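# Remarks on the overall topology
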Amino acid sequence: MVMNCYPPCPQPDLTLGMPPHSDYGFLTLLLQDEVKGLQIQHKENWVTVEPIPGSFVVNVGDHLEIFSNGRYKSVLHRVLVNSMNYRISVASLHSLPFKSTVQPCPKLISETNPRRYMDTDFATFLDYIKSRDSTKKSFLQSRKLTS
Ligand SMILES: O=C(O)CCC(=O)C(=O)O
Ligand SMILES: [Fe+2]
């Protein structure tokens, strides 16, 4: 579980509360307070996720995209800050144990729908973070098979 606190920022146009990223695991359940800030990328646009009191935002993570062989998309998201209010969010991250391997579900692979992702595990993720690749493309992009 991750708790995020975004203090008011005097120049919100010059920074971000959290840079664009997708979540590493299967699913993230996110509780946000009444202060706006979370945005998801949809067709090249950033769309604000309106806070609904007492509700969770459910984000598909990289592992679910890989497991579903691309049927479910791991959503790119970011957080804006504002000059007036503190914002607090609580993210509950759900993924497999670190040593487990995630791969496209065999039942979803066929001649017409070939495997789209390499196997992956936590060690691969750490290697990726350490490598220079991380500045060029996302971890999920780095697991995609090209053909
Ligand atoms: O603060 C938010 O609304 C999002 C936080 C987030 O994306 C994360 O913790 O991975
Ligand atoms: Fe996130």
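The protein chain is annotated in an unreviewed UniProt entry as 2-oxoglutarate (2OG) and Fe(II)-dependent oxygenase superfamily protein of Forsythia ovata.

### Observations concerning the overall build of the protein chain
The helix and strand inventory of the protein chain stands at three helices and eight strands. Starting at the N terminus, the α and β elements of the protein chain follow one another as β-β-β-β-β-β-α-β-β-α-α. Taken along the three principal axes of its C-alpha coordinates, the protein chain extends 55 × 35 × 30 Å. Every one of the 147 residues in the protein chain was classed for burial, and the buried ones make up 35%. Pairs at least 24 residues apart make up 75% of the contacts formed inside the protein chain by residues separated by at least 6 positions. Only carbon and sulfur atoms are counted for the fraction: they give 59% of the accessible area of the protein chain, which is about 9,600 Å². Distance between charge centroids for the protein chain: 6 Å, based on 16 positive and 13 negative side chains.

### A word on the environment of E34
In this structure, E34 sits in the loop between β3 (27-32) and β4 (38-42). Separated by 93 residues in the primary sequence, E34 and D127 place their C-alpha atoms 37 Å from one another.

### Re the pattern of salt bridges
The tally for this structure, following the rule as stated, stands at three salt bridges. Taking the shortest distance from any N to any O, the salt bridge between E50 and K36 comes out at 3.6 Å. Here E50, found in the loop between β5 (45-48) and β6 (57-60), pairs with K36, found in the loop between β3 and β4; they are 14 residues apart in sequence, far enough to count as distant. Between D127 and K130 there is a salt bridge, and its shortest N-O distance comes to 3.9 Å.

### Notes on the sheet that holds strand β8 (residues 87-94)
Taken in spatial order, the four strands make up an open sheet running β1-β8-β3-β6, and their pairing is antiparallel. Taken across any chain shown, the strands that pair with only one partner, and hence form the sheet edges, are β1 (2-6) and β6. Going from strand to strand, the sheet's axes swing by 25° on average, the running direction of each strand aside. As defined by bridge partners, β3 adjoins β6 across four bridges and the pair is classed as antiparallel. From the neighbouring strand, L27 faces β6, where its bridge partner is V60.

Rules of the game
- For every chain, the first residue of its written sequence is number 1, and the numbers climb from 1 along that sequence.
- To read the labels, note that chains go from A and ligands from 1, taken in the order they are written.
- In keeping with the model being predicted, local features are shown solely for residues with a pLDDT of at least 70 and side-chain atom pairs are shown and tallied solely at 80 or more, while totals for entire chains, interfaces and linings include all residues.
- By convention in this description, side-chain values take in all heavy atoms of the structure and omit both hydrogens and water.
- In this description a helix means any DSSP run of H or I spanning at least four residues, a strand means any run of E spanning at least two, and both kinds are numbered starting from the N terminus.
- Relative accessibility decides the category of a residue: with a 1.4 Å probe and only protein chains considered, values under 20% of the type maximum give buried, values over 50% give exposed, and everything between is partly exposed.
- Between two residues, a contact is recorded if the distance between any of their heavy atoms is within 4.5 Å.
- Here the Shrake-Rupley method, with its probe set to 1.4 Å, supplies the accessible areas, and only the displayed protein chains count as covering residues.
- His is not counted, nor are the chain ends, whereas Lys and Arg count as positive and Asp and Glu as negative.
- To locate a charge, take NZ of a lysine, CZ of an arginine, CG of an aspartate or CD of a glutamate.
- By definition here, a salt bridge exists when the distance from a side-chain nitrogen of Lys or Arg to a carboxyl oxygen of Asp or Glu is within 4 Å.
- Each pair of strands is called paired provided DSSP finds at least two bridges between the two strands.
- Axes here refer to lines fitted to C-alpha atoms; in helices the fit is confined to the stretch in contact. Angles between the N-to-C directions go from 0 to 180 degrees.

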